Structure formats: structure tokens, C-alpha cells
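An overview of the molecular structure
Letter by letter, the chains look like this.
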Amino acid sequence: PLRCVWCDSAYAFGGGEWMTIDTIVNQVIAYQCQHVTVTGGEPLSQKRCLLLLERLSDAGLSISLETSGAIDLSEVDTRVSRVMDLKPPDSGEVERNRWSNMALLTDHDQLKFVIASRGDYEWACAVLNRYTLPGAMPVLFSPVHGQLPPKSLAEWILEDRLTVRMQMQMHKLIWGDRPGH
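Right, let's walk through the structure included here. Since the structure is predicted, the reported quantities are computational estimates derived from the model, not experimental observations.

What counts as what
- All residue numbers refer to position in the chain's written sequence, counted from 1.
- pLDDT decides what is reported in this predicted model: residues at 70 or higher carry local features, side-chain atom pairs at 80 or more are listed and counted, and totals for whole chains, interfaces and linings draw on all residues regardless.
- Note that water and hydrogens are dropped before the side-chain values are worked out from all heavy atoms of the structure.
- Here, a salt bridge means any side-chain nitrogen of Lys or Arg that lies within 4 Å of a carboxyl oxygen of Asp or Glu.
- By the criteria applied, helices consist of DSSP H or I runs no shorter than four residues and strands consist of E runs no shorter than two, each listed in order from the N terminus.
- Only protein chains enter the area calculation, which uses a 1.4 Å probe; residues under 20% of their type maximum are buried, those over 50% are exposed, and those in between are partly exposed.
- Each cavity reported here is a set of points on a 1 Å grid over the protein atoms alone in which a 1.4 Å probe fits but cannot get out, each pocket an open set with protein on both sides within 12 Å along at least five of seven lines, and each lining residue one with an atom within 4 Å of a point.
- Grid points are joined across faces, edges and corners, and a volume is the space filled by probe spheres set on the points.
- Note on residue categories: nonpolar means Ala, Val, Leu, Ile, Met, Phe, Trp, Tyr, Cys or Pro, charged means Asp, Glu, Lys or Arg, and polar means any other residue, Gly included.
- Put simply, a nonpolar core is a bunch of buried Ala, Val, Leu, Ile, Met, Phe, Trp, Tyr and Cys residues held in one set by side-chain atoms that sit within 4.5 Å of each other.
- Any two residues whose heavy atoms approach within 4.5 Å at even a single point are treated as in contact.
- Planes of paired rings set the category: under 30 degrees apart is stacked, over 60 is edge-to-face and the rest tilted, where pairs are Phe, Tyr or Trp rings (Trp by its six-membered ring) whose centres lie within 6.5 Å.
- Geometrically, a lysine NZ or arginine CZ counts as sitting over a ring once it is within 6 Å of the ring centre and also within 35 degrees of the ring normal.

Notes on the pattern of salt bridges
Opposite charge on two side chains allows them to pair when their charged atoms are near. Scanning the entire structure with this criterion turns up 10 salt bridges. The salt bridge partner of Lys151 is Glu155, with a shortest N-O separation of 3.9 Å. Of this pair, Lys151 and Glu155 both sit in helix H4 (residues 150-160), 4 residues apart, which is roughly one turn of that helix. By relative accessible area, Lys151 is classed as exposed at 60%. Connected through salt bridges with shared partners, the residues Glu66, Asp85, Lys87 and Lys112 form a single ionic network.

A word on the layout of surface pockets
Rolling a probe over the atoms, with the probe sized like a water molecule, indicates the empty space that remains. Counted as a void, the second largest pocket has a volume near 200 Å³. Taken together, the residues of the lining of the second largest pocket sort by class into 9 nonpolar, 3 polar and 1 charged.

Here's the deal with the nonpolar core
Formed by 40 residues in total, the largest nonpolar core has its most connected members in Leu56, Leu111, Phe113 and Phe141. Contact partners of Phe141, with chain neighbours within four places excluded, come to Phe113, Ile115, Tyr121, Ala124, Leu128, Leu153, Ile157, Leu162, Val164, Arg165, Met166 and Gln167.

Details of the packing of aromatic side chains
Inspection of every chain in the model, using the stated rule, returns 6 aromatic pairs. Ring centres of Trp99 and Tyr131 lie 5.7 Å apart, and the angle between their planes is 5 degrees; this geometry places the pair in the stacked category. Taken together, the positions of Trp99 in the loop between strand E6 (81-86) and strand E7 (110-115) and Tyr131 in the loop between helix H3 (118-130) and strand E8 (139-143) put the pair 32 residues apart, joining distant regions of the chain. You can call Trp99 partly exposed: its relative accessible area is 29%. Judged by its relative accessible area of 25%, Tyr131 falls in the partly exposed class. A centroid spacing of 5.4 Å and a plane angle of 70 degrees characterise the contact between Phe113 and Phe141, whose relative ring orientation is edge-to-face. On the criterion of sequence distance, the pair formed by Phe113 in strand E7 and Phe141 in strand E8 is long-range, its members being 28 residues apart. Take Phe113: its relative accessible area is 0%, and that puts it in the buried class. A relative accessible area of 0% means that Phe141 is categorised as buried. An aromatic cluster is present here, built from Trp99, Phe113, Tyr121, Trp123, Tyr131, Phe141 and Trp156 joined pairwise through their rings. When the ring centre of Trp99 is taken as reference, the NZ or CZ atom of Arg130 above it lies at 6.0 Å.

So, in C-alpha cells, the structure goes:
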């Protein structure tokens, strides 16, 4: 249920109530989960996200941050695994990519491309050729739901023998395009 953080409190979409960061951390601990993903829009655009990530990490949880890569990652707690998107041309947001973040990625992180077309695929391949990424860092390619057939992307990856993981947007498969999912 953790989605966005504002000031000193957060809105937990699952319960529909406002909570402090302490309350959120305590609720997550009560779930007895080991892994928490902080996502939803762009979490780093929320004022208290860095504090939330730190506090969840302090609680001994494994934390991943889903980020667009448009905001500086240098202040993110090093215990947090960053799953950073790079926006391909067909997204209309390619100019928002913060290329300096590439140097901050480690083998603890993941790089993700959500691909809408063959042009996006070729762009992503060129990016991978341009940057030296940590060897063990997973690179994820996902087809844009309803726009690029997964079979096409899988065939391109196989033809080019890329060492990437193909990933489906599970939330789209399960809930479709309903807002809030």
C-alpha cells in the first residue's frame, strides 16, 4: 500500500488513511514482509521519500525503489536497490533522462527500459552499448502493454542474443489500465 510520501505523512492507498513515516514503518514491520518496493508516480519527487527509504532500511528490510531516473539518485540510501527506468524516444520523455545517474548504478541495482517499438528497442540496445554497466546488474526490457506484442520483443532479444531479462508489466496484466494499480 505504500505509494507516495508528502511532508511528514503519507497516504496509504491500501487503507485510505494518512500516516506518519513512523506509522508506515511500523505497519510494514507488522506485515512481517522482508522486501518492500517504494513506487507510484515518481517517489523521489516526494519531499520525505529519502527519509522513508532510510527508515525502512534501518528496520532491516530489503528495499527497492522504482524510479524514472529523472531525479538525482546520489542521495538515495546505498542499502536501497534502485530500479531505474530510462525513457525511450516513443515515451515522449527521453529528454527527462538524467544520464548522470548511470554512473551511480551498482550491481545492487536494475536498469529498466519499457519499449513501445522497434525504434525504442534499437535505442535501448545503443544505450547498453554506450555505457559500461556493472556486470551483475540486471537489465530489464518490458513491452508497453497493449502497444508492443511481447512475442515481438522476445524474438528481437533472442535474435540479438541480448543478456537482458524480459519483464511483463504484471500490474497491467492483472488490473489493466485502472488508475491506482
